Structure formats: structure tokens, C-alpha cells
Amino acid sequence: MDHRNNEVCSLCQNPLTAFGSKVAKDGVICRDCAKKASPFLTDEDIKRRSIARMKNHLEYRERNLKKLANFRPSKEVDGKYRLCVEEKRNRFLFSKRNNWDAENPDIFYFRQMKDIRIEEVLYPESTDDYDVYLVIKLSSSQIREIRIRTNEFAAYKKDTPEYAKALATAKEFREVLSAYMSKEEN
Ligand SMILES: [Zn+2]
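What counts, and at which threshold
Residues numbered from 1 in each chain as written. Predicted model: local features only at pLDDT ≥ 70, side-chain atom pairs only at ≥ 80, totals over all residues. Helix = DSSP H or I, 4+ residues; strand = E, 2+ residues; numbered from the N terminus. Buried ≥ 20, exposed ≤ 12 C-beta atoms within 10 Å, placed from the backbone. Contact = placed C-beta atoms within 7 Å. Core = buried A, V, L, I, M, F, W, Y, C linked by C-beta atoms within 7 Å. Domains from an automatic or database assignment. Nonpolar A, V, L, I, M, F, W, Y, C, P; charged D, E, K, R; others polar.

1. Let's talk about the overall build of the protein chain
(1) Moving on: Looking only at helices and strands, the protein chain features five helices and ten strands.
(2) Moving on: The principal-axis extents of the C-alpha atoms in the protein chain amount to approximately 50 × 45 × 30 Å.
(3) Moving on: Within the protein chain, the fraction of its 186 residues that count as buried is 24%.
(4) Moving on: Taking as baseline every contact in the protein chain between residues at least 6 positions apart, the subset at least 24 positions apart corresponds to 43%.

2. So, the nonpolar core
(1) Moving on: Formed by 23 residues in total, the largest nonpolar core has its most connected members in L83, F92 and F94.
(2) Moving on: When contributions to this core are tallied by element, the ones reaching two or more residues are β4 (82-86), β5 (91-95), β8 (129-138), β9 (145-149) and α5 (161-185).
(3) Moving on: With sequence-adjacent residues up to four places away left out, F94 is seen in contact with Y81, L83, P105, I146 and I148.
(4) Moving on: Ranked by size, the runner-up nonpolar core spans ten residues in total, among them C9, C30, C33 and A34.

3. A word on the domain arrangement of the protein chain
(1) Moving on: Each assigned domain of the protein chain is listed here: domain 1 (3-66) and domain 2 (75-185).
(2) Moving on: Taken residue by residue, the interface counts eight residues in domain 1 and eight residues in domain 2.
(3) Moving on: For the side of domain 1 that touches domain 2, the class distribution of residues is four nonpolar, three polar and one charged.

If you want it as C-alpha cells, here you go:
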């Protein structure tokens, strides 16, 4: 069954637009609903999720937005993404912008982190240009992993200062978060 023939969003019932809608396991969600989902939810994640679970996800995102009003970072690490940590409440987020109301960055808790690693990924079709990713595996019913690219713009060759900077940023994020990860195990 081709769910695109339904022509309305399975969540909000608005008509689907030509671009930007996303296929879920048993329905289609419109561009506006898709935009409300976490940026860490991949298209593959959405394909595997039922409409009921996507509805639950958007409700979680609304609660997250409300929680942001009380998020007070006590530590920040800059990069293309800014890592903000609220140490007292054992939580953190990655933000690309200053307007959190519009961005709604997901709040994560130290105890949710299962594994943190850095991936250097060859850019498609290239032989020596790499992207650098920080990848955090999570135990969370909403988001299975945080994957952020730390290089500023394009992929870079390994001997460039831009590449060194991207790798250094990823390592700093990993170092800061690893310390909190072990803290909560105690
Ligand atoms: Zn919708």
C-alpha cells in the first residue's frame, strides 16, 4: 500500500505538500509535523515508527520545549554546535542557534549516554576528504543516537587545519561528556 495516496498527514490531517513529507511505518507525516521532530531522528528512524509512536514523539518534543525555559547552562563548549551542560541537573544539549524557542534542542541526561565515539567518514565519491562526527549512543525511547558533524562546512583533507579543528572539537565534546557519564555510574 502506498501511503502517499492518502494525501493528508496521518498526524494533523493537513494536505501533504509535494516536498518535505516523510513516510512512517503506517502513514505519512507532513512537512510541518516532520519539522517538529527531533533533528536526531533520521528518515530511517521515522520509516520504522508507527504514527502512534510519532504522535508520542511530538508530544515529547512539546514537553522538551517547556523544559528548555528552565535550562540553565553551567558549562558551555563552542563549536558549530554548542554543547551546553546543566551540571546540577545532570543534563545537556547541543545547540546550533541562540533562539531555543525556534530550535527546540533536545535535552539529554547523563545517565542516557551509553557510548561516545568519534567517526571520521570519507565523503561520498571522495578519496581523501573526511567529515568528522561525534556519535553518542543513547538509552532513550525517543532518540537512539546523537550524531553531529563537527567540521564547519565542507569535508576536509586530513592534513588541513580545518580538519584538525573539527577533530579537536569532537574530542573536547567527548572528553567533557565522558566525565559526566562516569560520574552518574557512581
Ligand atoms: Zn502534519
